[in-house]
Amino acid sequence: MEVKHYEGNGRLSLVTECNGILHLTGRTSMGSGSTVAQQAKGILDIIDETLAKYGSDKKHILFCQVFLKDVIKDFDELNKVWEAWVEPGFEPARATVQAKMAKEEALVEMVVTAVRA
């Protein structure tokens, strides 16, 4: 069984793959703005681009783990962006948890597992 590592930087790989399953590293998008909606939209754009680069798309996401800095305050705002992005009939399994972020300005982070299209 071969495991492929893509775009490693000495600490982590942007994507790993085994048996056609793609594991994307956790992504943030603080440069996209200062609200959860802006950051979530930026992350989803990054996920779209990354999946396309590795032969997949959002219809092939198996699971998304969402980390929110403040679940109580930001859960509804996140879900509005998520629901506008996800395609009906292709909703992946998802879990959302509250987490202390590595950078103060980060409000949301997402980790995705997908299969090649």
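Residues numbered from 1 in each chain as written. Predicted model: local features only at pLDDT ≥ 70, side-chain atom pairs only at ≥ 80, totals over all residues. Heavy atoms only, no water.

Caption draft 1: Looking closely at the nonpolar core. Within the largest apolar cluster, 27 residues are counted, with the highest numbers of intra-cluster contacts made by Ile47, Leu78, Val108 and Met110. Of all elements in the fold, only β2 (13-18), β3 (21-24), α1 (36-53), β4 (61-68), α2 (71-85) and β6 (108-115) reach the threshold of two or more residues within this core. With 6 residues, α1 is the largest single contributor of residues to this core. Residue contacts for isoleucine 47: discarding those within four places in its chain leaves Ile61, Trp85, Met110 and Val112. (Core = buried A, V, L, I, M, F, W, Y, C linked by side-chain atoms within 4.5 Å. Buried < 20%, exposed > 50% of the residue type's maximum accessible area, 1.4 Å probe, protein only. Helix = DSSP H or I, 4+ residues; strand = E, 2+ residues; numbered from the N terminus. Contact = heavy atoms within 4.5 Å.)

Caption draft 2: Just unusual backbone geometry, in detail. Even without a glycine there, the phi angle at glutamate 7 is positive, about 55°. Tracing the sequence through the fold places glutamate 7 in strand β1 (residues 3-8). Phi is positive for asparagine 19, close to 55°, though the residue is something other than glycine. One can find asparagine 19 in the loop between β2 and β3. You can call asparagine 19 exposed: its relative accessible area is 62%.

Treat this as a map of the structure, not an account of what it does.
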